[in-house]
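Given next are the chains, with one letter for each unit.
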Amino acid sequence: MSAGHNHPAEARERADALRRALRDMGRVLVAFSGGVDSTFLLRAALDALGPENVLAVTLDPPYAARAEIEEAACLAANLGASRHSLLAMPFPEALRDNPPERCYLCKRLLFARLLEVAAAADVAHVLDGTNRDDLGDHRPGRRALAELGIVSPLLDAGLGKADIRALSREWGLPTWDKPAAPCLLTRLPHGAPVDAAVLARIERGEALLAELGFPGARLRLHGDLARIEVPAARIGELVAAAAASGLAERLGRLGCRFVTVDLAGYRMGSQNEPASGGDKTDS
């Protein structure tokens, strides 16, 4: 848990400040992915403003996992977000070779579209789920959000990830312990060509890993080589489960000629690390 963000009373005070700020906005559009942060934000917005004043929009580009899109739709319904919609997006040509500035370009394109949706609905504020802990990472997408004037109420209220998970559990939200689920492009090295087949291979492969008891595992692709990342403490467990289940053969049928386990364990943004190490921009 993040230092300074594990005191229940302080977290509740921040949540109260969040609700007050939301009430002052009147009507909002929430960029809703169905992850820990955006689910918490949507619940807070619905509590503060009522469902009639909250638009929840789930962006649906081709590189979002289908399971995540379906889960977001179910979550929105269960939260009582009556004004929820899925917004299908074409694959941006600027991302076809997975460029180093991918996150920035993606955020600019997707959130510019949300601003158009908000303007058409006469909503002045577009909100995202950035929280205080995100300031500690190198996140190029944050620059795009700032340029577009996107509001980050969780960050403004001083809420960190530990606060959000603890409060989500207190509020009965099923996402309180959900693993991070970044877009599928984070499984490919920069410069790798992207098409529907490679995205499907990643998603199906990670679904197999989840079935074996490793939700949140990463299947990083390097051509026809699959590099699997799980927490270092679970590597032995993964190797045993893989042998018992024929995982390598099953991944082979998806087009992964070679299957490896990364002995360094899961690292955020490992696909983008130069040989000498460097900034981590993805999950």
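Since the model is a prediction, treat every value here as computed from it, not as a measurement.

(A) Region of the structure containing the pairing of strand 5 (residues 218–222). Counting buried positions along strand 5 gives 4 out of 5 residues, so the element sits mostly inside the fold. Pairing of strand 5 with strand 6 (residues 225–229) involves 5 bridges; the strand directions are antiparallel. Of the residues in strand 6, the one forming a bridge with His222 is Leu225. Between strand 5 and strand 6, which pair antiparallel in sequence order, lie 2 residues; one of them, Gly223, sits at a positive phi of approximately 65°.

(B) Inspection of helix 3 (residues 66–79) at higher detail. With 14 residues, helix 3 should cover 20 Å at 1.5 Å per step; its first-to-last C-alpha distance of 20 Å lies within 8% of that length. Every buried residue belonging to helix 3 is among Ile69, Ala72, Leu75, Ala76 and Leu79, and all of these are buried. Taken around the axis of helix 3, the buried residues stretch over an arc of 125°, which confines them to a single face. With respect to the buried face of helix 3, the exposed residues turned more than 90 degrees away are Glu70, Ala77 and Asn78. Against the buried residues of helix 3 lie helix 2 (36–49), strand 2 (54–60) and strand 3 (84–88). Just downstream of helix 3, Gly80 is the residue with a positive phi angle, here 85°.

(C) A look at the packing of aromatic side chains. Tallying each qualifying case throughout the model produces 2 aromatic pairs. The interplanar angle of 15° and the centroid separation of 4.5 Å between the aromatic rings of Phe40 and Trp171 together place this pair among those described as stacked. Note that Phe40 is positioned in helix 2 and Trp171 in the loop between helix 7 (161–170) and helix 8 (196–211), a separation of 131 residues in sequence. Phe40 sits in the buried class, given a relative accessible area of 0%. For Trp171, a relative accessible area of 16% gives the class buried. With 5.5 Å between their ring centres and 80° between their planes, Tyr63 and Phe91 make a pair best called edge-to-face. Of this pair, Tyr63 sits in the loop between strand 2 and helix 3 while Phe91 is found in the loop between strand 3 and helix 4 (102–120), placing the two residues 28 residues apart along the sequence.

(D) Broad picture of the pattern of salt bridges. Taken as a whole, this structure holds 19 salt bridges when the rule is applied. In this structure, Glu10 and Arg14 form a salt bridge, with 3.5 Å as the shortest nitrogen-oxygen distance. Of this pair, Glu10 and Arg14 both sit in helix 1 (residues 8–25), 4 residues apart, which is roughly one turn of that helix. Of the residues examined, Glu10 reaches a relative accessible area of 34% and is grouped as partly exposed. Glu116 is the salt-bridge partner of Arg113, the closest N and O atoms lying 3.3 Å from each other. Here Arg113 pairs with Glu116, and both are found in helix 4, just 3 residues apart, close to one helical turn. What emerges from the salt-bridge pattern is a single network uniting Arg220, Arg227, Glu229 and Asp262.

Rules behind the numbers
Every chain begins its residue count from 1, and numbering advances along the sequence as written. In view of the model being predicted, local features appear only for residues whose pLDDT reaches at least 70, and side-chain atom pairs are presented and counted only at 80 or more, with totals across whole chains, interfaces and linings using the full set of residues. Only heavy atoms go into the side-chain values, all of them from the structure, while hydrogens and water stay out. Burial classes follow relative accessibility: with a 1.4 Å probe on protein chains only, a residue under 20% of its type's maximum area counts as buried, one over 50% as exposed, and anything between as partly exposed. Helix and strand assignments follow DSSP, with helices taken as H or I runs no shorter than four residues and strands as E runs no shorter than two, numbered in order from the N terminus. Only strands joined by at least two bridges in the DSSP assignment are considered to pair. What a helix is expected to span follows from its residue count: subtract one and scale by 1.5 Å. Summarising the geometry, the arc corresponds to the directions from the helix axis toward the C-beta atoms. Contact definition: two residues touch when any of their heavy atoms are within 4.5 Å. The aromatic pairing rule takes the rings of Phe, Tyr and Trp, using the six-membered ring of Trp, and pairs them if the centres are within 6.5 Å, calling planes under 30 degrees apart stacked, those over 60 edge-to-face and the rest tilted. Salt bridge, as applied in this entry: a Lys or Arg side-chain nitrogen positioned within 4 Å of an Asp or Glu carboxyl oxygen.

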